[in-house]
Amino acid sequence: MSAASALPETGYNFAYLDEGTKRMIRRAILKAVAVPGYQVPFAAREMPMPYGWGTGGVQVTAAILGASDVLKVIDQGADDTTNAVSIRRFFGRTAGVATTTRTCEASVIQTRHRIPETPLTEDQILVYQVPIPEPLRFLEPRETETRQLHALGEYGLMHVKLYEDIARHGHIATTYAYPVEVAGRYVMDPSPTPKFDNPKMDDCPALQLFGAGREKRIYAVPPYTRVRSLDFEDHPFRVQSFDRPCALCGAADVYLDEVVLDDAGGRMFVCSDTDHCEARRAAGHAGEQAA
Amino acid sequence: MYVAVKGGEAAIDNAHRLLAERRRGDPAVPELTVAQIREQMSLLVDRVMAEGSLYDPDLAALALKQARGDVVEAVFLVRAYRTTLPRFGASVPVETGAMAVDRRVSATFKDMPGGQVLGPTFDYTHRLIDFALAAAGEPEPAAEAEPGPDAALCPRVTDILGQAGLLEASPPEAGAPVGDLTREAVDFPADRAVRLQALARGDEGFVLALGYSTQRGYGRTHPFVGEIRCGTVAVEFVPEELGFSVPLGDVPLTECQMVNQFHGSGDVPPQFTRGYGLVFGQGERKAMAMALVDRSLRASELGEAVGAPAQDQEFVLAHCDSLQATGFVEHLKLPHYVDFQAELELVRRLRAEHAAARAQGDAPIREAAE
């Protein structure tokens, strides 16, 4: 864990956004928590990083961050990807909060595309960066229509889509951003996490907040909420499995990155969650290619 | 032995230093000043202010310098800065009828009070590269016209048409509280004020192409340029503690009023309809395109069929912003390893099943209905 930065950026409010904007975002968050899975419109601001780089997640994090928080930022499960480095540094500079790469030390975790392998606790908040918050968007491009479908709980389109996958491919061909039903009511996009991570959302002790800056939406899954991945009785939801463990730490029940080693088909598979992998290696676990 | 890629932080710092070096270019060539950009790239500065939704020529010029001349990047810098500015309130609506015009042309009347004022325009230049410009030199001074008898009076052509009832009155929502799309999420259907805001800050190329599409039959509106005027208008503000308006200064604007094919009903006799465009600085192309698209977006209000892209407000408003568009397109270069891995796993499984089915002599894929 690196200590709170001594010299935060001057000339900006704590965590960049002004207090009025933070209050507006917190109100949207409260509404989102009160109506799990419902997309709450909010007046997203233009941030100093581009749309698509996590402006929604950054605004949610800015609104909930306090001086004593410890922040972790991951992209693709890793703390050292350039955009994760950039966002972590942004909050280090504008809020002066302590940052960490350890999942268990963090009170706020901002993520793009993964949920940490280490189970989360009641004392943590997971903030997701969301590109397209509307799970029905690729089935119905119009916002006026999709809002109505949600209001009526009319999710037949989605089931037809999943059925057509099975008809065409023999499997549901959605491998990430796999739609979920939250608290028995709203169908929600879990952000483009691989469906491997969907079960971690169910009954999770941590608060899960989702921010979409470009699309100006916030939604939430409160702690201990039922999150069910959509499926059929004869085609139950199933997560990806890998036919080998992590080459570095030997973990078998985690999501792996495929790394191309040469141009002759050489491949290795390593943990996508870098903190989880490092912690396991520190604890003495070793995979086949560990040094 | 595989070593995970580390050192993102050092790479980012070094990339930023390299970027600054490339921005500066050959150090043997004198560095551009912000004032040079502001004065000599003024139409570019105008565009950055228009799409950046912020009137500040020096800031826009600085943003252009920092952005190495990339318009969208400069707009981005201006917008991000704009987010941090406090808001004191809204100005009194500017009176474009009282504009000090540099240029004013109408395509609907040969002459009208105030006359036609050609002003600084490329319209009748021959587009021949002026090689003499490659060397420095002061241009010949332009002759100043004798002010005509009615130079001070320059009523809007649309007002002249409106008096006779030939043009629809400004729609009734004028005067209602105006939304601010930078302070509230856009709710569809969006009212005209919000649509005009989106178009005014929308990408010039995108709005231009949409306007053009209406001329080629995708939502035709039969437009005439009632008037284009460029010049400065006074901005006034009413401080709560004073209760009366005080001038804050002048801003240059370009306004375009399109006069479009008529519309009428049992209650209202046939009359021309309006399309409106307004941008900072001299931005005729943008103002005209905006006016075309504004009129197209009024299709449902005027009882016309909505089918063409330029008539579809969800399509236009959701896609006209250059920052949103560039962000989402360019974010594809961010890492997507985990999602791609998920797709790889599925494709490999489907291919294995396909091969197994082939080996058994089955048809590779059974139709669902079978």
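For the structure, see preceding data.
Owing to the predicted nature of the structure, the values given are computational and were not obtained by experimental measurement. (Residues numbered from 1 in each chain as written. Chains lettered and ligands numbered in written order. Predicted model: local features only at pLDDT ≥ 70, side-chain atom pairs only at ≥ 80, totals over all residues. Heavy atoms only, no water.)

Engineer: It is not clear to me how the interface of chain A and chain B should be interpreted in this structure. Could you clarify?
Structural biologist: How big an interface is tends to be stated in terms of accessible area lost as the parts join. Listed by partner, the interface residues are 64 residues for chain A and 49 residues for chain B. Together, the buried faces of chain A and chain B total about 4,700 Å²; carbon and sulfur atoms form 58% of this surface. On inspection of chain A and its partner chain B, the count reaches six salt bridges. Where the side of chain A that touches chain B is concerned, the elements lending two or more residues are helix H3 (82-94), helix H4 (143-151), helix H5 (156-169), strand E11 (256-260) and strand E12 (267-271) of chain A. With five residues, H3(A) is the single largest residue contributor to the side of chain A that touches chain B. In terms of residue class, the side of chain A that touches chain B is built from 31 nonpolar, 16 polar and 17 charged. (Contact = heavy atoms within 4.5 Å. Buried area = accessible area lost by both parts, 1.4 Å probe. Salt bridge = Lys/Arg side-chain N within 4 Å of Asp/Glu carboxyl O. Helix = DSSP H or I, 4+ residues; strand = E, 2+ residues; numbered from the N terminus. Nonpolar A, V, L, I, M, F, W, Y, C, P; charged D, E, K, R; others polar.)

Engineer: What is the right way to read the nonpolar core from this model?
Structural biologist: As a rule of thumb, nonpolar side chains are buried together in soluble globular proteins. One finds A:Ile25, A:Val58, A:Leu65, A:Leu71, A:Phe91 and A:Ile218 to be the most contacted residues of the largest nonpolar core, which totals 43 residues. Those elements that place two or more of their residues in this core are helix H1 (19-34), helix H2 (55-64), strand E2 (70-75), H3, H5, strand E7 (186-188), strand E8 (207-212) and strand E9 (217-221) of chain A. Discounting residues that sit within four places of it in the chain, A:Leu71 has contacts with A:Thr61, A:Leu65, A:Phe91, A:Val97, A:Ala98, A:Thr99, A:Thr100 and A:Val108. If you look at the next biggest cluster of nonpolar residues, it comprises 29 residues, including B:Leu196, B:Ala200, B:Ile228 and B:Cys320. (Core = buried A, V, L, I, M, F, W, Y, C linked by side-chain atoms within 4.5 Å. Buried < 20%, exposed > 50% of the residue type's maximum accessible area, 1.4 Å probe, protein only.)

Engineer: For this particular structure, what's the right way to read the environment of B:Ala136?
Structural biologist: Within the secondary structure, B:Ala136 sits in the loop between strand E1 (100-105) and helix H6 (157-163). Expressed as a C-alpha distance, the spacing of B:Ala136 and B:Ala200, which sit 64 residues apart in the sequence, is 35 Å.

Engineer: What am I meant to see in the pairing of strand E2 (residues 224-237) of chain B here?
Structural biologist: Consecutive residues of a regular strand have side chains that alternate between opposite faces of the sheet. All names here are of chain B. Burial analysis of E2 places 10 of its 14 residues in the buried class, the great majority of the element. Bridging between E1 and E2 involves five bridges; their strand directions are antiparallel. Within the sheet, the bridge partner assigned to valine 101 lies in E2 and is glycine 231. Pairing geometry for E2 and strand E3 (residues 246-263), over 13 bridges, is antiparallel. Among the inter-strand pairings, arginine 229 is bridged to a residue of E3, identified as glutamate 255. (Pairing = 2+ DSSP bridges.)

Geometric descriptors of this kind do not, in isolation, establish any biological role.
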